[in-house]
Amino acid sequence: NALVRREQLAVAVTAHAERYEQLSKVEVTVDVKPGVDPAKVSARLDALITELIANGPTADEVNRVATRTVSGEISSLEVVGGFGGKAATLAEGLLYSGDPARYKKELAELAAASPQSVKAAMQRWLTRPVYALRVDPGERSAYEESKLAGADGPADSAAAPQAQPTPAKPRLALPAVTPTRGIAFPTVTTRPLSNGVKVHFARRSVVPMVQMTVSFDAGIAAETRDKSGIGTLLLSLLEAGTTTRDAIAIAEEQERLGANISTGQSMDRTTVSLYALSANIAPSLDLLADVIRNPALDPGEVERLRAIQLAGIDAERTQPSALAARAIYPILYGPTHPYGMSSRGLGDSASVKAITRAELGGYHRRWLRPEKAEIFVAGNIDPAQLMPLLEARFGRWPSTRDMPPAKDFAAPVPAPQPAIYLIDRPQSPQSVVLGGFVTDRKASDDLVAFDMANRILGNDFTSRLNTDIREVKAWSYGVSAYLSPREERSPYLVVAPVQADKTGPAIDAVRRNMTDFLGTKGVTGEEFARIVNGAIARLPGRFETTGAVLGQMREDALARRPFDYVESLPGRYRALTPAILDGAARTVIAPDKLSWIVVGDRAAVLPQLKELGLPVTEIDSNGRPAR
């Protein structure tokens, strides 16, 4: 509140405690606002922390943190394992205290916390010596690269440790693999509100919470070139104040309720989502409806969030992956197509600077309106209880008088012109390679066979591309190739971060692997069995969480599929053959159509790229020809 909202000295502040068995630490990070003296921010941060330690928190602050933490614990216990979940929670209790049910006692202790007990804990632990690190932007020094192992072993083979004989260990019999259970996706019902907004609902009773997404037919594709980034700025402003609540009130209300409101957008959709405890669903919906329907667009908040977004754009221009993502879509789709903008949605500095408060209000009225909305709900609540709550908050949401807008996909997509576009990033030991071309496939097409084929080629850890370039050649930490489904023509993308001295050979290896896969070295029986059987076996675990169910519902709606679509997948997978997969791949994948973005050290990679037989164009961080 102090550094970001009131004093506007920073664009972000985070604080967290990392707890371990032998040692723990509290870490606070501040991203200084461009143009502000970091020393001033550091001194102000120290003063704020000192004040909090001396005076302690308020009762409301303690209660808000306790509720938020309990709510997060409820959410984490929905899954069985992984990072968190039931298994990890029980194991940590057993490891640290000898009691697998320790989490219950910790939650009870948290609920009983008071301002006095928190103040005492801070005075005990947060008065210890501090290690302060400051990172300033500027030119990077050359990387100190480690010696790479050669093909025949470590660079200094004489110093390599000698292998020691491994003592024999008793071998245990592998447990029998039980047959995969069938998948039962929750039944989804669809009901309209009185104004026509469709509500899609799936009941899940694993934990006492509800997740909801209000999805609008807008997305990045709804923006114009001269106002690119307006959607992201508007979504930031939704949580920055309504006509009855300011940003701090919205944040505090979410904490009191154990709720969380988040926003997002893809190329095709703009979303506002809610996580809420079932017991607090009514006041949580009040907050959600207020955020969506009544943004204040306070001029001060517009400028504060504009500055943060501009800082994000500047940060993107320092990140290789972001540079590549910003550059590729205008090249693939051309300057007039709605998909010809960065999928990250921050826009360009010039356009974001030019957006006015009136234009933000106009975008909200045109695109975030009931005619463009669908509501998706999954969770532990009776639909008979839920529908009246939604009707009261969204069913009486009036339309505006103007006609709903529509995205214009009539702009032609330029024919593929395979080429390489190089963005110079001096002294980089790694290049980011991003290839792509526009297919004629849409999200609504039947992509089951193609998806299985492409997993074998490029969209699985055991895929041919990842196995060759990561596991065999050791040039990359990971390579993937995938179709990014969109409502209209979808792009096929290849992502390959590779060591700088293998940039050209890596692109060549990707093209050769693709050509072989589409030619005489198609899907093998072993690959087919591994990928298809694995896909069937993983299906039940894919929808362990309410969020995963909600995501599938939204995906099905975008693709115009029935909501029981996933239940048909095991049978459809079993009906596939290697020949069907080969045919599906050959109708979509075309390595000779790929255009490539390479972000790397020009001096190191340009000679390699020229050997590939494709035209090479040098571009800057804005995607324009470099001078």
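Refer to the structure above for everything that follows.
Here the structure is a predicted model, which is why all the values come from computation and not from measurement. (Residues numbered from 1 in each chain as written. Predicted model: local features only at pLDDT ≥ 70, side-chain atom pairs only at ≥ 80, totals over all residues. Heavy atoms only, no water.)

J.: Can you help me understand the pairing of strand E12 (residues 491-499) in this one?
T.: For a regular strand, side chains alternate in direction, first toward one face of the sheet and then toward the other. Of all 9 residues in E12, 7 are buried, a share of seventy percent or more. When strand E10 (residues 430-438) meets E12, the two strands line up antiparallel, connected through 9 bridges. Bridged to Val432 within E12 is Pro497. Here 4 bridges tie strand E11 (residues 480-483) to E12, and the two strands are oriented antiparallel to one another. The partner of Leu483 across the bridge, within E12, is Tyr492. (Buried < 20%, exposed > 50% of the residue type's maximum accessible area, 1.4 Å probe, protein only. Helix = DSSP H or I, 4+ residues; strand = E, 2+ residues; numbered from the N terminus. Pairing = 2+ DSSP bridges.)

J.: I tried to follow the environment of Gly436 on my own but got confused; where do I start?
T.: Structurally, the position occupied by Gly436 is in strand E10. Since its relative accessible area comes to 0%, Gly436 is described here as buried. C-alpha separation for the pair Gly436 and Ala590, spaced 154 residues apart in sequence, amounts to 9.8 Å. Non-local contacts of Gly436, meaning those with residues more than four positions away in its chain, are made with Ile328, Leu332, Tyr492, Leu493, Lys593, Leu594 and Ser595. (Contact = heavy atoms within 4.5 Å.)

J.: Can you help me understand the pattern of salt bridges in this one?
T.: One side chain can pair with another of opposite charge once the charged atoms of both are near each other. Summed over all chains, the structure comprises 39 salt bridges. Note that Glu106 and Arg102 form a salt bridge whose closest N and O atoms lie 3.8 Å from each other. One end of the pair is Glu106 and the other is Arg102, both in helix H5 (residues 102-111) and 4 residues apart, which spans about a single turn. With relative accessibility at 23%, the residue Arg102 sits in the partly exposed group. (Salt bridge = Lys/Arg side-chain N within 4 Å of Asp/Glu carboxyl O.)

J.: I tried to follow the sheet that holds strand E9 (residues 420-424) on my own but got confused; where do I start?
T.: Through backbone hydrogen bonds, the strands of a sheet pair up, either in parallel or in antiparallel fashion. Read from one edge of the open sheet, 6 strands run E11-E12-E10-E13-E9-E14, paired in mixed fashion. The open sheet has two free edges, formed respectively by E11 and strand E14 (616-619), since each of these has just one partner strand. Taken pair by pair, the neighbouring strands of this sheet meet at an average axis angle of 20°, ignoring direction. The pairing of E9 with strand E13 (residues 595-600) spans 5 bridges and is classified as parallel. Considered in E13, the bridge of Ile423 is made with Val599. (Axes fitted to C-alpha atoms, helices over the stretch in contact; angles between N-to-C directions.)

J.: It is not clear to me how the sheet that holds strand E6 (residues 260-265) should be interpreted in this structure. Could you clarify?
T.: Pairing is mixed in the open sheet, where 6 strands are placed in the order E3-E4-E8-E5-E7-E6. Pairing within the sheet leaves two strands with one partner each, and these edge strands are strand E3 (188-192) and E6. Recorded for the sheet is a direction-independent mean angle of 20° between the axes of neighbouring strands. Most of the contacts of helix H9 (residues 281-293) go to strand E7 (residues 270-277), to which it runs at about 160°, and overall it touches strand E5 (209-216), E6 and E7.

J.: Sorry, what's going on with the layout of surface pockets here?
T.: Once rolled over the atoms, a probe with the size of a water molecule shows which space is left empty. Of the volumes computed, that of the second largest pocket is approximately 1200 Å³. Lining the second largest pocket we find 50 residues, and of these Ala443, Pro485, Glu555, Ala559 and Arg561 sit closest to its centre. Put simply, the parts of the chain that give the lining of the second largest pocket at least two residues each are strand E4 (198-203), E5, strand E8 (373-379), helix H15 (448-457), E11, helix H18 (525-542), helix H19 (546-558) and helix H20 (569-574). (1 Å grid on protein atoms, 1.4 Å probe; cavity = no way out; pocket = protein on both sides within 12 Å on 5 of 7 lines; lining within 4 Å. Points joined across faces, edges and corners; volume = space filled by probe spheres on them.)

J.: How should I be thinking about the side chain of Asn513 in this particular structure?
T.: Within the element layout of this structure, Asn513 appears in helix H17 (residues 503-518). Judged by its relative accessible area of 14%, Asn513 is buried. If we skip the residues at most four places from it in the chain, Asn513 touches Leu457, Arg464, Leu465 and Asp468.

J.: Please clarify how unusual backbone geometry should be interpreted in this entry.
T.: Note on backbone geometry: most residues besides glycine have negative phi, and most peptide bonds are trans. Phi is positive for Gln8, which is not a glycine, with a value near 50°. In this fold, Gln8 is placed in the loop between helix H1 (2-6) and strand E1 (10-18).

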